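Below are the chains, spelled out letter by letter.
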Amino acid sequence: MVAALAIVDADGVDALSIRRLAQALGRSPMALYHHAENKGDLLDGIIELLLEEVRIDAAAPDWRAELRRVGHGFRALALAHPHSVTLLVTRPLATPLGLRPLGTLRPLEAFLQLMTAAGMAGPDALGAYRWFFAVLHGHVLDEVQEFVADPEEHDDLLRLGLHHLPLRQFPVVRSLASEIGRYDGAAQLDRGLDVLLTSFAKAIGEGGAPPVAAAQG
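Residues numbered from 1 in each chain as written. Predicted model: local features only at pLDDT ≥ 70, side-chain atom pairs only at ≥ 80, totals over all residues. Heavy atoms only, no water.

## Structural notes on the packing of helix α5 (residues 63-80) against helix α12 (residues 185-204)
Move 1: For the pair α5 and α12, the least separation of the axes is 10 Å and the interaxial angle reads 145 degrees. Where α5 crosses over α12, the two elements pack in a sense that is right-handed. On α12, the residues that touch Trp63, Arg64, Leu67, Arg68, Gly71, His72 and Arg75 of α5 are Gly185, Ala186, Leu189, Asp190, Leu193, Asp194, Leu197, Thr198, Phe200, Ala201 and Ile204.
Move 2: A breakdown of the residues in the contact of α5 with α12 according to their chemical character gives 9 nonpolar, 4 polar and 5 charged. (Axes fitted to C-alpha atoms, helices over the stretch in contact; angles between N-to-C directions. Helix = DSSP H or I, 4+ residues; strand = E, 2+ residues; numbered from the N terminus. Left-handed = near helix turned anticlockwise from the far one by under 90°. Contact = heavy atoms within 4.5 Å. Nonpolar A, V, L, I, M, F, W, Y, C, P; charged D, E, K, R; others polar.)

Here you go:
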């Protein structure tokens with residue numbers, strides 16, 4: 001699956017096929033059908049390979065620090081494989097939970113163990129898992145769209161291509177060109193995690209402990 005991921009990284013999901021992968025491996029397409037019946041199997045394999053990098057330590061002594069580490073690790077994974085972000089976010093949803101590759105379910109099990117050990121009730125931990133990855137998925141989908149039109153241009157309006165927007169229809173967006181140009185993905189993620197982890201702490205009963213990023217700042 002490493003070779004399949006390399007194809008997606010280079011040319012996008014649409015470029016991946018059994019034939020293209022066979023060429024990359026120097027094998028015949030028929031030989032690969034013993035390992036993957038179709039492109040869907042290849043995509044599932046890529047997701048499982050990527051999610052092996054999303055390791056949650058269920059025995060971590062500080063659940064807040066662990067989830068923050070996981071969050072930033074997931075962001076780094078997405079930025080390293082931007083063509084696979086939509087796969088990470090949407091592909092697992094195409095398969096019932098119990099029928100997904102086991103590797104894709106390990107983050108769920110580890111998250112539930114971590115949060116229940118911290119004192120969160122099982123149903124609350126499941127809800128927390130859904131919210132946690134919803135925030136991560138939304139963030140990476142947003143960040144990988146922060147493409148620059150002309151990286152050599154110093155004027156943010158021009159660098160981001162916002163000068164193409166009609167001024168009368170998008171006056172506020174154009175006026176925020178400098179702010180948009182200063183987008184800091186890591187800081188933006190931390191702000192989202194601050195809110196999320198504080199709500200988890202309240203569900204556990206820890207009260208209003210200060211968010212980690214805010215306390216560090």
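## Notes on the pattern of salt bridges
Move 1: Inspection of the entire model under this criterion finds 5 salt bridges.
Move 2: The partner of Asp194 in a salt bridge is Arg68, and the shortest N-O contact between them spans 3.0 Å. Note that Asp194 is positioned in helix α12 and Arg68 in helix α5, a separation of 126 residues in sequence. Across the pair, Arg68 and Asp194 agree in class, each one buried.
Move 3: It is possible to trace a salt-bridge network through shared partners that takes in Arg68, Asp190 and Asp194. (Salt bridge = Lys/Arg side-chain N within 4 Å of Asp/Glu carboxyl O. Buried < 20%, exposed > 50% of the residue type's maximum accessible area, 1.4 Å probe, protein only.)

## Considerations on helix α1 (residues 2-11)
Move 1: By the burial criterion, the buried members of α1 are Ala4, Leu5, Ile7 and Val8. Projected down its long axis, α1 carries its buried residues within an arc of 155 degrees, all on one side. More than 90 degrees from the buried face of α1, the exposed residues found are Val2 and Ala10.
Move 2: Close packing links the buried residues of α1 with α2 (18-25) and α4 (39-51).
Move 3: In the stretch just after α1, Gly12 is the one whose phi turns positive, near 95 degrees. (Arc of directions from axis to C-beta.)

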